[in-house]
Amino acid sequence: MKKVVTIAVFSLFVVLAAKAQDKKTVIENRCKELVRVLNLSEKDQWRKFIKENYTEAWINKKMRLQVQGGPDGGAPANNSNETTELESKVGLFQRFHDDLGKGTITNIKIDGDNADVQVKGETGLDLSFALKFTPAAPHLIDGLGVQAMMGGPKN
């Protein structure tokens, strides 16, 4: 009887470990695809990526963009010319694309439902993306924070 219980517990552990690895792989692939798509200049590709990889709740959420340390002293950005929340997100991708030029991933760190992605831009500006994913499959992106650094992070 002990042998059967041990085998069952071990099997459960293997299944849970495989699911955790699968989740990590999905999250890592979404992070890599984000940067690949940001390197493109086609808005329809950004729009498609947003629709397929972000939750509806995030897409429909009002965006708050604030620049700290800029010439305007950190005033919130005005998105009044955007027609929908989806289009405001496409505009955000435009800004990331313009700021980075072509970006290259230098590091991806995954911790549970969160990922930090460091991207080095050809413009000299580096972006650090903090992404929050849904715990359940298909592990869509449900949160996004971005920090920009000129010349990379300071140690």
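Residues numbered from 1 in each chain as written. Predicted model: local features only at pLDDT ≥ 70, side-chain atom pairs only at ≥ 80, totals over all residues. Heavy atoms only, no water.

A few points about the packing of aromatic side chains
Then comes step 1: Evaluated as defined, the whole model comprises six aromatic pairs.
Then comes step 2: Residues Tyr 54 and Trp 58 carry aromatic rings whose centres are separated by 4.1 Å and whose planes lie at 25 degrees to one another, so their mutual orientation is stacked. With respect to burial, Tyr 54 and Trp 58 carry one shared label: buried.
Then comes step 3: Ring centres 6.3 Å apart and planes at 45 degrees place the aromatic pair Phe 93 and Phe 96 in the tilted group. Remark: Phe 96 and Phe 93 occur in helix 4 (residues 85-100); sequence separation between them is three residues, near one turn of the helix.
Then comes step 4: Of the residues examined, Phe 93 reaches a relative accessible area of 0% and is grouped as buried. (Phe/Tyr/Trp six-rings, centres within 6.5 Å; stacked < 30°, edge-to-face > 60°. Buried < 20%, exposed > 50% of the residue type's maximum accessible area, 1.4 Å probe, protein only. Helix = DSSP H or I, 4+ residues; strand = E, 2+ residues; numbered from the N terminus.)

Considerations on the sheet that holds strand 2 (residues 114-121)
Then comes step 1: Spatial strand order, 1-2-3-4: four strands in an open sheet with antiparallel pairing. Looking at the sheet topology across the chains shown, the edges are occupied by strand 1 (103-111) and strand 4 (141-150). Geometrically, the sheet is characterised by an average inter-axis angle of 15 degrees between neighbouring strands, direction not taken into account.
Then comes step 2: Here strand 1 runs beside strand 2; their pairing, made up of eight bridges, is antiparallel. The residue bridging Asn 107 from the neighbouring strand is Gln 118, located in strand 2.
Then comes step 3: The sheet strands contacting helix 4 are strand 1, strand 2, strand 3 (125-133) and strand 4, and the helix crosses strand 3 at an angle near 145 degrees. (Pairing = 2+ DSSP bridges. Axes fitted to C-alpha atoms, helices over the stretch in contact; angles between N-to-C directions. Contact = heavy atoms within 4.5 Å.)

Here we look at helix 4
Then comes step 1: The first and last C-alpha atoms of helix 4 sit 23 Å apart over 16 residues, in line with the 22 Å expected at 1.5 Å per residue.
Then comes step 2: A positive phi of about 75 degrees marks Gly 101, the residue just after helix 4. (Expected span 1.5 Å × (residues − 1).)

Some words on the environment of Val 37
Then comes step 1: Considering the arrangement of structural elements, one finds Val 37 in helix 1 (residues 2-38).
Then comes step 2: Judged by relative accessible area, which is 2%, Val 37 ranks as buried.
Then comes step 3: Counting along the chain gives ten residues from Val 37 to Arg 47, while the straight-line C-alpha distance between them is 9.9 Å.
Then comes step 4: What Val 37 contacts, discounting residues up to four positions off in sequence, is Gln 45, Trp 46 and Phe 49.

Looking at unusual backbone geometry
Then comes step 1: In this chain, Ala 137 is followed by Pro 138 through a cis amide linkage whose omega measures 15 degrees.
Then comes step 2: In this fold, Pro 138 is placed in the loop between strand 3 and strand 4.
Then comes step 3: A positive phi angle, near 55 degrees, is found at His 139, a position not held by glycine.

Points about the pattern of salt bridges
Then comes step 1: A full pass over the atoms with the stated rule returns seven salt bridges.
Then comes step 2: Among the salt bridges present, the one from Arg 47 reaches Glu 87, with a minimum N-O distance of 2.8 Å. Taken together, the positions of Arg 47 in helix 2 (residues 43-53) and Glu 87 in helix 4 put the pair 40 residues apart, joining distant regions of the chain.
Then comes step 3: Residue class for Arg 47 comes out partly exposed when judged on its relative accessible area of 22%.
Then comes step 4: Glu 87 sits in the partly exposed class, given a relative accessible area of 21%.
Then comes step 5: The partner of Glu 85 in a salt bridge is Lys 89, with the nearest N and O atoms 3.7 Å apart. Of this pair, Glu 85 and Lys 89 both sit in helix 4, separated by four residues, roughly a single helical turn. (Salt bridge = Lys/Arg side-chain N within 4 Å of Asp/Glu carboxyl O.)

Some remarks on the environment of Phe 93
Then comes step 1: Along the chain, Phe 93 and Trp 46 lie 47 residues apart, while their C-alpha atoms are 6.8 Å from each other.
Then comes step 2: For Phe 93, the residues in contact, after removing those within four places along its chain, are Leu 34, Leu 38, Trp 46, Phe 49, Ile 50 and Tyr 54.

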